[in-house]
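Now for the letters of each chain:
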Protein chains: 2
Amino acid sequence: MISEKMYELGSQRSVIREIFEYGNQRKKEVGEENVYDFSLGNPSVPAPKAVNQAILDILNTEDEVAIHSYTSAQGSEECRSAMAKSLNQRFGTAFHANNFYMTVGAAASLSICLKAIASPEDEFITFAPFFPEYRCFVESAGGKLVVIPAKEDDFQIAFDLFEKAIHEKTKAIIINSPNNPAGTVYTEETLQKLVEILERKQKEYGHAIYLISDEPYREIVYDGYEVPFLTKYYANTFVCYSFSKALSLAGERIGYIIVPDEMEEAKKVYLAVCGAGRALGYVCAPSLFQKVVARCANEVSDLSIYKKNRDLLYEHLISLGFECVKPQGAFYLFPKALEENAEAFCERAKKYDLLLVPGTGFGCPSHVRISYCVTTKQIEKAMSAFEKLAEEYGHSRHM
Amino acid sequence: MISEKMYELGSQRSVIREIFEYGNQRKKEVGEENVYDFSLGNPSVPAPKAVNQAILDILNTEDEVAIHSYTSAQGSEECRSAMAKSLNQRFGTAFHANNFYMTVGAAASLSICLKAIASPEDEFITFAPFFPEYRCFVESAGGKLVVIPAKEDDFQIAFDLFEKAIHEKTKAIIINSPNNPAGTVYTEETLQKLVEILERKQKEYGHAIYLISDEPYREIVYDGYEVPFLTKYYANTFVCYSFSKALSLAGERIGYIIVPDEMEEAKKVYLAVCGAGRALGYVCAPSLFQKVVARCANEVSDLSIYKKNRDLLYEHLISLGFECVKPQGAFYLFPKALEENAEAFCERAKKYDLLLVPGTGFGCPSHVRISYCVTTKQIEKAMSAFEKLAEEYGHSRHM
């Protein structure tokens, strides 16, 4: 009597969640400090001090009823103006409040955009490695997800395969840079090539092809890398943002969608976004946290810990003979497993209480995801475990 | 290129929202204190002191990373246990944490339940007067909403009409008691009759017919009225709850779904709920507010103001010759307009800067909704405006 499809979605526990639960069990057996859990993308750095300070200030100074009251469905004017101002300052854009629709995080941002534009039989293209929930969101909106295999040497885009896959029913392209799970950032060259193809194909097919930019890791980049701001490159871009990672607010569910003025029929599209938010049961984004992010839009959590972790672990893996594209952002490493089948590799890693996620769900079955949003101490302690694991494959450390 | 249906949903501004915007405009013209806005259901009483105190305590004492981190999709164990404990104490139920799925408010609760159970061509029955967004949520899940006309003498259920409407394709019944817009509470007698019919029909059709109880106003009742707890009456009941009204947290988006153990295939249904939450892009309910409601589950905002408002306004309307079923709960009055067409009546009310909502969208086109979640001062000041409006229809005050 229930929806079998929803039952399936609910009962297929995600692989990541299963590893996490295994880890919790194992921690009870051998002690928390002896399990090296690299499975989850839950920020390990606290929110900037300004966040909790903002909460206190709001509780102390703002109208006690309004703090927790409904805002308009698209978010308060105050919050949306603050979003526009922050991006305009940082990226030289020219947004205004009405380009923004505040959401309950990135998953909501994506689900709402997809619902706003999807018609039956529409195809949505993404590039491996990709965040596995895309399939769920696209299918829930009635579309079909098409995955372009990874360009494994640098995790940029395999354009030859992309050009073969795009066709008249392609409604949108979903990109995620900095990328979960690979940590790579699309170069300006990659984006220009992508945009050139999309513009040519739009003309050829006579309709818009949207770019959906899922960018919760936008601020998490290292070594001076910059993430090009997509709306400056391509008019038909939806920006799907979340404060989950940059402000370490993953649980608070706050983010936004940008519909830029340059988009074809932008006002109509914005209204479709409003309609989709309504149809999915999103009434408004959480009111207190709308006020918080309005005050903290230019803040970022302390990234130095992530950078230190990345450097330590990347160098170590390379010294052990792993092949790994060096990530420029996010908080994941995505090396090739030391055997063809990453699932078997991850099973073997468990012997050393190393919890890694096989790349299968991300569209790269011979890679593994290592989330380094953990304590630096965990990384240091895990090094010998990685060493023992590598030894099983005849790899020894070369300095 | 976008979904026309979503565009329609987004561009049909809700009638309530339109009146609200008109009110804002009018306030600029004649001064805030001279516009009697009874259009919105936004709580006017602040959250109990315990809510902001809980926020401060959590920020001061709990782990700074965990406060804002992802919880499991169904909500933290701590929060769900607190929900079970509170209901068991207050209603004599025997819930446990695993009956609960925490949500982003009542609209999310409903949307998730509907998505979990709906198959194409399924019908969902509700009773006028009903909350207009039900249509949107049901259709978004792929179902069809069937509305049973109101029993206008007491706003209980027109069972003769209901029995004619229920049939093999009926998947669920949606009820809302205390009711928005009428404020009425279903009596135990009404519920017993409803359950008797549902049980008979389940047997006849050989499948479950779910009862979806939308109860954000459960705690807002007056004069010692009690809201019977539905799962005690009928096993196949989903409880959809929100803290929006009872804790004045409408903007914070926090609520839950209960799947009771007694429900047929309860574990499977619970997993379908998890799947639907995932498919709709709900990752978890806001983490800080999960902690807040866990600490404040037994708190309720100060209802004495609503009661005072109800009594003042109800007595006044009756003295002016309005016909009105006396509400036992929520914060709405739903009298009959003084002419057949409530929309024309509400237009005329604007002459006196009285902003009322016609009952058309609620399925009662000759009634008007008056939200009395306003200041008592506004009620007192509005009395002469109601008097002048009534005089236009030849009604004068009789004491």
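Let me sum up the structure you'll find in this document. (Residues numbered from 1 in each chain as written. Chains lettered and ligands numbered in written order. Predicted model: local features only at pLDDT ≥ 70, side-chain atom pairs only at ≥ 80, totals over all residues. Heavy atoms only, no water.)

Look at the two chain copies: a rotation about an axis and a shift along it is all it takes to match them. In screw terms, the move from chain B to chain A is a rotation of 180 degrees and a rise of 0.0 Å along the axis, fitting with an RMSD of 0.0 Å. What the rotation and shift describe, once combined, is the action of a two-fold rotation axis. Taking C-alpha positions as the reference, the residue of chain B nearest the rotation axis is Leu 280 of chain B, at 3.2 Å. Both copies contact each other with a shared surface, as 100% of the interface residues of chain B are interface residues in chain A too. (Least-squares fit on C-alpha atoms with pLDDT ≥ 70 in both. Contact = heavy atoms within 4.5 Å.)

This brings us to the sheet that holds strand 12 (residues 368–371) of chain A. Residue and element names in this part refer to chain A. Spatially, 9-12-11 is the arrangement adopted by the three strands of the open sheet, whose pairing is antiparallel. Strands at the two margins of the open sheet, each flanked by one partner only, are strand 9 (332–333) and strand 11 (357–358). Summarising the sheet, strand 9 and strand 12 pair through two bridges and their orientation is antiparallel. Residue pairing across strands places Tyr 332 opposite Ser 371, the latter belonging to strand 12. (Pairing = 2+ DSSP bridges. Helix = DSSP H or I, 4+ residues; strand = E, 2+ residues; numbered from the N terminus.)

The terminal C-alpha atoms of helix 3 (residues 49–61) of chain A, which comprises 13 residues, lie 18 Å apart, in line with the 18 Å expected from a rise of 1.5 Å per residue. Turning to helix 3 of chain A, its buried residues are Val 51, Ala 54, Ile 55, Ile 58 and Leu 59 of chain A. Along the axis of helix 3 of chain A, the buried positions cluster into a sector of 130 degrees, meaning they face one direction only. Within helix 3 of chain A, the exposed residues directed more than 90 degrees away from the buried face are Lys 49, Asn 60 and Thr 61 of chain A. Residues of helix 3 of chain A that are buried in the fold lie against helix 10 (287–296) of chain A together with helix 3 (49–61) and helix 10 (287–296) of chain B. (Expected span 1.5 Å × (residues − 1). Buried < 20%, exposed > 50% of the residue type's maximum accessible area, 1.4 Å probe, protein only. Arc of directions from axis to C-beta.)

Here we take up the interface of chain B and chain A. Contacts between the two partners involve 74 residues from chain B, matched on the other side by 75 residues from chain A. The largest share of the area that chain B buries against chain A comes from Met 1, His 68 and Arg 278 of chain B, three residues that together contribute 14% of it. Where chain B packs against chain A, one counts six salt bridges. In this structure, the connection of chain B to chain A is made through 37 residue pairs in polar contact (both at pLDDT 80 or more). (Buried area = accessible area lost by both parts, 1.4 Å probe. Salt bridge = Lys/Arg side-chain N within 4 Å of Asp/Glu carboxyl O. Polar contact = N/O pair within 3.5 Å; in protein donor to acceptor, adjacent residues only side chain to side chain.)

Once that is clear, we can look at the environment of Phe 100 of chain A. Residues and elements named next belong to chain A. Tracing the backbone through its elements, the reader meets Phe 100 in strand 2 (residues 100–103). Residue classification places Phe 100 among the buried positions, given a relative accessible area of 0%. Separated by 16 residues in the primary sequence, Phe 100 and Ala 84 place their C-alpha atoms 7.7 Å from one another.

Time to look at the sheet that holds strand 7 (residues 237–242) of chain A. Residues and elements named next belong to chain A. One open sheet accounts for seven strands, arranged 2-8-7-6-5-3-4; its pairing is mixed. At either end of the open sheet lies a strand with only one pairing partner, and these are strand 2 and strand 4 (144–148). Recorded for the sheet is a direction-independent mean angle of 20 degrees between the axes of neighbouring strands. Across four bridges, the pairing between strand 2 and strand 8 (residues 255–258) is antiparallel. Note that in strand 8 the partner of Thr 103 across the bridge is Gly 255. Against the sheet, helix 6 (residues 133–140) engages strand 3 (123–127), strand 4, strand 5 (170–175) and strand 6 (210–214), with an angle of about 145 degrees to strand 4. (Axes fitted to C-alpha atoms, helices over the stretch in contact; angles between N-to-C directions.)

A word on the side chain of Lys 245 of chain A. Position of Lys 245 of chain A among the secondary structure elements: in the loop between strand 7 and strand 8. Buried charge without a salt bridge: Lys 245 of chain A, with Asp 214 of chain A as the nearest opposite-charge side chain at an N-O distance of 9.5 Å. At 2.9 Å, the side chain of Lys 245 of chain A forms a polar contact with the backbone oxygen of Gly 41 of chain A. Setting aside its immediate chain neighbours within four residues, Lys 245 of chain A contacts Gly 41, Pro 43, Pro 216, Tyr 217, Ile 220, Ser 301, Phe 331 and Tyr 332 of chain A together with Tyr 70 of chain B. (Lys, Arg positive; Asp, Glu negative; His and termini not counted.)

Time to look at the pairing of strand 12 (residues 368–371) of chain B. Residue and element names in this part refer to chain B. The alternating pattern of strand 12 places Val 368 and Ile 370 on one face and Arg 369 and Ser 371 on the opposite face, and all of these are buried. By the bridge criterion, two bridges tie strand 11 (residues 357–358) to strand 12 in an arrangement that is antiparallel. For Pro 358, the partnering residue across the bridge sits in strand 12 and is Val 368.

The subject of this paragraph is the packing of aromatic side chains. Taken as a whole and judged by the stated rule, the model has 43 aromatic pairs over all chains. For the pair Tyr 282 of chain A and Tyr 282 of chain B, a centre-to-centre distance of 4.4 Å together with 35 degrees between the ring planes defines the contact as tilted. Taken together, the positions of Tyr 282 of chain A in the loop between helix 9 (266–279) and helix 10 and Tyr 282 of chain B in the loop between helix 9 (266–279) and helix 10 put the pair across two chains. On the accessibility criterion, Tyr 282 of chain A (6% relative accessible area) is buried. An angle of 45 degrees between the planes, with centres 5.6 Å apart, marks the rings of Phe 345 of chain B and Tyr 393 of chain B as tilted. Of this pair, Phe 345 of chain B sits in helix 12 (residues 342–350) while Tyr 393 of chain B sits in the segment after helix 13 (376–392), and the two are 48 residues apart along the sequence. Side by side, Phe 345 of chain B and Tyr 393 of chain B carry an identical accessibility label, which is buried. An aromatic cluster is defined as three or more aromatic residues linked by ring pairs; in this entry it consists of Phe 91, Phe 95, Phe 100, Phe 229, Tyr 241, Phe 243 and Tyr 256 of chain A. We note Lys 268 of chain A situated over the ring of Tyr 7 of chain B; from NZ or CZ to the ring centre the distance is 4.8 Å. (Phe/Tyr/Trp six-rings, centres within 6.5 Å; stacked < 30°, edge-to-face > 60°. Lys NZ or Arg CZ within 6 Å of the ring centre and 35° of its normal.)

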